[in-house]
Amino acid sequence: MKVHSAEIIISAVAPKQYPDTDLPEIALAGRSNVGKSSFINTLIDRKNLARTSSKPGKTQTLNFYLIENCLHFVDVPGYGYAKVSKTERAKWGKMIETYLTQREQLRAVVSLVDMRHEPTQDDIQMYQFLKYYEIPVIVVATKADKIPRGKWNKHESMIKKALEFEKEDTFIVFSSVTKQGKEEAWQAIEALSGLSK
């Protein structure tokens, strides 16, 4: 998809604040420093619509982005960030869970993992949670530019094994630096949103 218009329309913490539309929604989930904002910005060809931050854990609400007036990206708070109190984390967890399990417009979740490392317990839990609720998943392995191409397969296998990755889901090797995986990501998102022609 070529994106000409993209804007953040609301930061929500409760269902009553969600946009009242029938547009398909794609949620983006991942650890605080996995490169979620960079992924969004790469997909929509913007430098800083989604704010990248050197301070992980900055997104504390569900941020709804309207893309081309036909789709919402929903950026959910990054998980696994140590500096956030337990009560705060529990609140986020509840907010994210409510959204993921109750939102009818949700078509799929882009689950971002860092390609350089084995998935964390949080990554694995997120994947299993999505599988349990039968929510389609696109696993995006970020920061691929930091690994020699010859080792990509090895890292992909390591991630898939740890997640117990299922074949019906999509796995994409991604880099916001080289734009590797951008087209594939859009194809998967469009297919699951029902937007692909």
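Data block above holds the structure.
How each quantity is defined
- Residues numbered from 1 in each chain as written.
- Predicted model: local features only at pLDDT ≥ 70, side-chain atom pairs only at ≥ 80, totals over all residues.
- Heavy atoms only, no water.
- Buried < 20%, exposed > 50% of the residue type's maximum accessible area, 1.4 Å probe, protein only.
- Helix = DSSP H or I, 4+ residues; strand = E, 2+ residues; numbered from the N terminus.
- Pairing = 2+ DSSP bridges.
- Expected span 1.5 Å × (residues − 1).
- Arc of directions from axis to C-beta.
- Contact = heavy atoms within 4.5 Å.

**Topic: the pairing of strand β2 (residues 25-30)**
For step 1, the next point in the chain: The buried fraction of β2 is high, at six of six residues.
For step 2, the next point in the chain: Every second residue of β2 is oriented toward a common face, with E25, A27 and A29 on one face and I26, L28 and G30 on the other, all of them buried.
For step 3, the next point in the chain: Of the pairings in the sheet, the one linking β2 to strand β4 (residues 71-75) comprises four bridges and is parallel in character. Across the sheet, residue I26 finds its bridge partner in β4, namely F73.
For step 4, the next point in the chain: Bridging between β2 and strand β5 (residues 106-114) involves six bridges; their strand directions are parallel. Residue pairing across strands places L28 opposite V110, the latter belonging to β5.

**Topic: helix α4 (residues 152-163)**
For step 1, the next point in the chain: For α4, spanning 12 residues, the distance from its first C-alpha to its last is 17 Å, which sits close to the expected 16 Å at 1.5 Å a residue.
For step 2, the next point in the chain: Here α4 has its buried residues at W152, H155, E156, I159, A162 and L163. One face of α4 carries all of its buried residues, which in axial projection span an arc of 135°. Residues N153, K154 and K161 are exposed on α4 and point more than 90 degrees away from its buried face.
For step 3, the next point in the chain: For α4, the secondary structure elements touched by its buried residues are β5, α3 (121-132), β6 (137-142) and β7 (170-173).
For step 4, the next point in the chain: Just downstream of α4 lies E164, where phi reads positive at about 55°.

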